[in-house]
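Remarks on the overall topology
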Amino acid sequence: MSGMLPRLACAAAVAAQAVLVPVPAAAAPAPQPSVARLLSDLQRLYRQTEQATETYDATTEQLERQRAEVTRLDGELTRARLALQGSRTDAGRLARQQYQNAGGLGPYVRVLLAPDPQHALDEGHVIGELAREHARTVARLTAAERRKDTLARAARKALDTQQTLAGRQRSQRDDVRARLADVERMLAGLTPEQLAAVARLEEQGVSEAQRKLTSAGALPADRPASPAGDRAVDYALDQLGKPYRWGAQGPDAFDCSGLTSQAWSHAGTPLPRTSQEQWDRLPKVPLSQLRPGDLVVYFPEATHVALYVGDGKVVQAPRPGEKVELSAIAGYPILGAVRPGPDGRV
């Protein structure tokens, strides 16, 4: 997700002296916060929200993997129990045979007393094979018992882990909701004049940051995208106008890393779910070598990500209350860029 209404720290300095006029009141009015202070407060709240969202997304992905593991182990445990049932049936048949042979002469004595030596040898071979089959039956039963017990322990442990993750996910969900409520309360307390002043300051900060990047030569000349990068960009642009929703991966809404991961998934290259994992696991590329389809990652904690489309612009799901949009690459403090694909060569 995005994380801040103020997009650059330098924006606060631009408006450091811009103080809004207090609303007249019967008592001495409390000093009104400056635009810079409003930006700083919103920055803090949005950033806390995005960090909570990234944590929630990571736990959700882990929980999905754990549920798949529980399902796999349950299937194996079912098969192991069926195999154990078959082994017990074989063992029961073996026990009955031994009981039936307990009366009268045993098979080995009958061989020794047989008048025909060749017949004795033939029967000896059969008896030996029966003995080996009995041993194999016992071995299968023992192995089946051990496998069932091992799988049962693994399944119980996997289920305990799943329940722990589910509880953690609920707690993190509540954390995100609480932080979003803080943002909503602050925005609801602003006057239209304050909101307009914050929006102007935001635009000034983005324009100045974009100008600095361009004049410093940090942005590349137009570079062609790979075929996979083109497909990722096309998918992301097709989502323009869809709402931001934390934890969403489409098709009707997205958060920031939900948009980038789905774009590259539709291009044939699955990505890690969160912006932090995308930053950690994908090959880094200099901004001067960006090409369409690369991911631009923001903030020191890598809590926001967007898809570069060329010409100094990115497509992104910015923050709660907004929609997937095309915007300047310098909308937030840039941490760096990564390139999806094997060794970043797609």
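Please refer to the structure placed before this passage.
First, a word on what this report is: a plain description of the structure on this page. (Residues numbered from 1 in each chain as written. Predicted model: local features only at pLDDT ≥ 70, side-chain atom pairs only at ≥ 80, totals over all residues. Heavy atoms only, no water.)

Okay, unusual backbone geometry next. For residues that are not glycine, phi is negative in most cases, and the peptide bond is trans in most cases. The omega angle of the peptide bond from Gly250 to Pro251 is 0°, so this bond is cis rather than trans. Of note, Pro251 is situated in the loop between α6 (227–238) and α7 (256–266). Located in the positive-phi region is Phe299, a residue other than glycine, with phi close to 75°. When you line up the elements, Phe299 lands in the loop between β2 (295–298) and β3 (304–310). A positive phi angle, close to 60°, is found at Asp311, a residue other than glycine. Structurally, the position occupied by Asp311 is in the loop between β3 and β4 (313–316). Residue class for Asp311 comes out exposed when judged on its relative accessible area of 59%. (Helix = DSSP H or I, 4+ residues; strand = E, 2+ residues; numbered from the N terminus. Buried < 20%, exposed > 50% of the residue type's maximum accessible area, 1.4 Å probe, protein only.)

Pairing of β3 with β4 involves three bridges; the strand directions are antiparallel. Bridging across to β4, Leu307 finds its partner in Val315. Looking at chain direction, β4 and strand β5 (residues 325–328) are connected through four bridges and run antiparallel. Paired with Val315 across the strands is Leu326, a residue of β5. (Pairing = 2+ DSSP bridges.)

Next up on the list: the packing of aromatic side chains. Evaluation of the coordinates by the stated rule reveals three aromatic pairs. With a centroid separation of 6.5 Å and 85° between ring planes, the pair formed by Tyr235 and Phe254 is classed as edge-to-face. Here Tyr235, found in helix α6, pairs with Phe254, found in the loop between α6 and α7; they are 19 residues apart in sequence, far enough to count as distant. According to the relative accessible area criterion, Tyr235 is buried, its value standing at 14%. Where Tyr298 meets Tyr332, the ring centres are 5.7 Å apart and the plane angle is 70°; that geometry is what we call edge-to-face. Placement of the pair is Tyr298 in strand β2 and Tyr332 in the loop between β5 and β6 (334–338), with a sequence separation of 34 residues. Look at Tyr298 and you get buried, because its relative accessible area is 1%. The class for Tyr332 is buried, based on a relative accessible area of 1%. (Phe/Tyr/Trp six-rings, centres within 6.5 Å; stacked < 30°, edge-to-face > 60°.)

With that out of the way, let us pick up the sheet that holds strand β1 (residues 284–285). One open sheet accounts for six strands, arranged β1-β6-β2-β3-β4-β5; its pairing is antiparallel. At either end of the open sheet lies a strand with only one pairing partner, and these are β1 and β5. With two bridges connecting them, β1 and β6 associate as antiparallel partners. Each bridged residue has a counterpart across the sheet, and for Val285 the counterpart in β6 is Ala337. Its contacts with the sheet place α6 against β3, β4 and β5, and it is angled at close to 110° to β3. (Contact = heavy atoms within 4.5 Å. Axes fitted to C-alpha atoms, helices over the stretch in contact; angles between N-to-C directions.)

Attention shifts here to a nonpolar patch on the surface. Among the surface-exposed residues, Leu237, Leu240 and Leu326 lie close enough to one another that they form a single nonpolar patch of about 230 Å² accessible area. Accessibility expressed as a relative area gives 30% for Leu237, which makes it partly exposed. (Patch = residues over 30% accessible without salt bridge, like charges linked within 9 Å, V, L, I, M, F, W, Y side chains within 5 Å. Areas by Shrake-Rupley, 256 points an atom, 1.4 Å probe, with all protein chains shown as cover. Salt bridge = Lys/Arg side-chain N within 4 Å of Asp/Glu carboxyl O.)

A full pass over the atoms with the stated rule returns six salt bridges. Measuring nitrogen to oxygen at the nearest pair gives 2.7 Å for the salt bridge that ties Glu208 to Arg211. Of this pair, Glu208 and Arg211 are both found in helix α5 (residues 192–215), three residues apart, which corresponds to roughly one turn of the helix. Look at Glu208 and you get partly exposed, because its relative accessible area is 27%. Put simply, Arg281 and Glu277 hold a salt bridge, and the shortest N to O gap is 3.2 Å. You can see Arg281 and its partner Glu277 sitting in helix α8 (residues 275–281), four residues apart, about one turn around the helix.

This part takes up the packing of α6 against α7. Between α6 and α7, the least distance of the axes is 8 Å, while the angle of their chain directions is 130°. Our classification of the angle between α6 and α7 gives oblique. Between α6 and α7 lies a crossing of right-handed hand. Contacts between α6 and α7 involve Ala228, Gly229, Ala232, Tyr235 and Ala236 on the former and, on the latter, Leu259, Gln262, Ala263, Trp264 and His266. Of the residues that constitute the contact of α6 with α7, the class distribution is seven nonpolar, three polar and no charged. (Parallel < 35°, antiparallel > 145°, perpendicular 65-115°, else oblique. Left-handed = near helix turned anticlockwise from the far one by under 90°. Nonpolar A, V, L, I, M, F, W, Y, C, P; charged D, E, K, R; others polar.)

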